[in-house]
Amino acid sequence: MVSHSRRRFIAAGLGALFLSGCKGPVISEPRLFNPCITTLPDSLRNHELLHSSWEGLDPELVWDCHAHLVGVGDSDSGIELSDRMLSPLHPIQYVQRLFYLNAGCVHDAEGSVDRSYVARLHNLVSGMPLGFKMMLFAFDRTHSSNGEPRPDLPPFYVPNDYARKIALAAPYWFEWVCSVHPYREDAIEALELASQQGARAVKWLPPAMGIDPDSAQCDAFYDALVRLDMPLITHVGEERAVVGAGRPVWGNPLRLRRALDRGVRVVMAHCASTGEDVDLDQGPEGRRVSSFSLFKRMMAETHYDNLLYGDISAITQRNRPDEVLRELIERDEWHPRLLFGSDYPLPGILPLTSPLSLAREGMLEMSSVDFMTELRRHNPVLFDLALKRHLSSNGKRFSASIFETRRFFDKAAQS
């Protein structure tokens, strides 16, 4: 068994691998690891920057629409991890797991990681105004093209039943998002059951799960999504947080035209803010362009106005181009179609987001850097919201409507 000190040594030594896409120096503050402080001090709770983060927002409408359930399966959760994430012989995946565990404040919870992760979620949400919720993601197994589950393939498995159980245990804090692989023989039945049990959406990560969104195998699933009025939250662009089991090309935003053209409401996670993809509109041999440019093209197509959305999770990370973040802030005509998400636990990985770097780029007041840095050490979810509320570019900020995501997921809140 690898000791705690050994784990920290390995993580520190391999941190640059995990963050290889970041701009500038890897460490932007003295700490590499999340200190996991639980109680928000009065100096932060009463700070004017925290109060202004909630100005113009109704907390009852603020749902973090992109939050991951993490664990190792040391409870009755049913969570499974690939052997690669458990072995130092696969250093990138191994160090990713260590950073995720530290970000979720369960790195020292040997034997009770699953429960400790949920306890930390409770701690974080209890520090938010009453009404705020997190939408917790399940994550289905990778499946082959013939619909067979492949538990031998990465990266992990978080059952729908577990996500539902955690959400139902604290319905004042959580909603849940199911994950159903469309190639499964029982895909439609599983989707219908999840809908009946209160799932607000479906989560896919196509390259990791082995899903081609442009495959005819998805058509019946798309039709069921439309019938059930369930949105699809799916990763697009390059995937850096999880090593894939499928083909990277399956993250191409253009491959989701098939779902959109059948009437599915699609939320493109992270607004395709990293990576390059083939411009399939020019044919299979089209030139490679930024994934974000394809997202922009699709956002400009008026027949997708009420179908295509993007979530702003992860967009402040230092492995995202500054010009993408600036455009998302400045394109206020997009704001009614953007949704707030934190990508928790990633905001708890300290080197990934640098308030100081954002201030140096002119998108954050330099005077707020110390507050943001300290806030993250106590509550990364609150930090993520506060940071995005205070970003600016050319005199523009993210609209309040972006953060009131409940209206998108809950018909009862649409009036």
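Cut-offs and rules
Residues numbered from 1 in each chain as written. Predicted model: local features only at pLDDT ≥ 70, side-chain atom pairs only at ≥ 80, totals over all residues. Heavy atoms only, no water. pLDDT = per-residue confidence, 0-100. Contact = heavy atoms within 4.5 Å. Buried < 20%, exposed > 50% of the residue type's maximum accessible area, 1.4 Å probe, protein only. Helix = DSSP H or I, 4+ residues; strand = E, 2+ residues; numbered from the N terminus. Disulfide = S-S within 2.5 Å. Axes fitted to C-alpha atoms, helices over the stretch in contact; angles between N-to-C directions. Parallel < 35°, antiparallel > 145°, perpendicular 65-115°, else oblique. Left-handed = near helix turned anticlockwise from the far one by under 90°. Pairing = 2+ DSSP bridges.

Engineer: Help me understand the confidence of the model for the chain, please; the structure alone is not making it clear to me.
Structural biologist: Atomic detail in the predicted coordinates should be set aside for any region of low pLDDT. Averaged over all residues, the pLDDT of the chain is 89; the fraction at 70 or higher stands at 87%. This model gives residues 1-20 a pLDDT under 50, and the stretch forms 36 contacts once residues within four places in sequence are excluded.

Engineer: Any chance you could explain helix α7 (residues 160-169) here in plain terms?
Structural biologist: Along an α-helix, residues three or four apart share an orientation, since each turn contains 3.6 residues. Those residues of α7 that sit buried are N160, Y162, A163, I166 and A167. Contacts from the buried residues of α7 go to α6 (113-126), β3 (133-137) and β5 (174-177).

Engineer: Honestly, the state of the cysteines in this entry has me stumped. Any pointers?
Structural biologist: As used in these notes, a disulfide is a covalent bond between sulfur atoms, one from each of two cysteines. The tally for this structure, following the rule as stated, stands at one disulfide. Between C36 and C105 runs a disulfide, and the two sulfur atoms are separated by 2.1 Å. Its S-S torsion of about -95 degrees marks the bond between C36 and C105 as left-handed, since a negative value means left-handed. You can see C36 sitting in the loop between α1 (4-18) and α2 (42-45) and its partner C105 sitting in the loop between α5 (91-103) and α6, a full 69 residues away along the chain. Residues C36 and C105 agree in their burial class; the two are buried. Free of any disulfide, C271 has its nearest cysteine sulfur in C65, 10.0 Å distant. A residue is classified by how much of its surface remains accessible, and C271, at 0% relative accessible area, is buried.

Engineer: I would appreciate a short explanation of the packing of helix α8 (residues 187-196) against helix α10 (residues 219-228) in the present structure.
Structural biologist: In helix packing, the relevant descriptors are the interaxial angle and the interaxial distance, both defined with respect to the helix axes. Taken N-terminus to C-terminus, the directions of α8 and α10 make an angle of 20 degrees; their axes are 10 Å apart at the nearest point. Our classification of the angle between α8 and α10 gives roughly parallel. Seen along the crossing, α8 lies across α10 with a hand that is right-handed. For the pair α8 and α10, contact is made by A187, I188, L191, E192 and S195 and by A220, F221, A224, L225, R227 and L228, respectively.

Engineer: Looking at this structure, I do not really get the sheet that holds strand β6 (residues 202-204). What am I missing?
Structural biologist: Strand pairing in a sheet relies on backbone hydrogen bonds. The paired strands run either parallel or antiparallel. As summarised here, the arrangement of the five strands in space is β6-β7-β8-β11-β12, forming an open sheet in which the pairing is parallel. With partners counted over all chains shown, the strands left at the sheet margins are β6 and β12 (338-339), one partner each. Relative to strand β8 (residues 266-269), strand β7 (residues 232-235) is paired through four bridges, and the arrangement is parallel. The residue bridging T234 from the neighbouring strand is M268, located in β8.

Engineer: Help me out: how do you make sense of the pairing of β3 in this one?
Structural biologist: Both faces of the sheet carry side chains from a regular strand, because those side chains alternate between them. Within β3, five of the five residues are buried, which leaves the element mostly enclosed by the surrounding structure. Pairing of strand β1 (residues 63-68) with β3, which is carried by four bridges, proceeds in the parallel orientation. In the sheet register, A67 faces β3, and the bridge partner there is L136.

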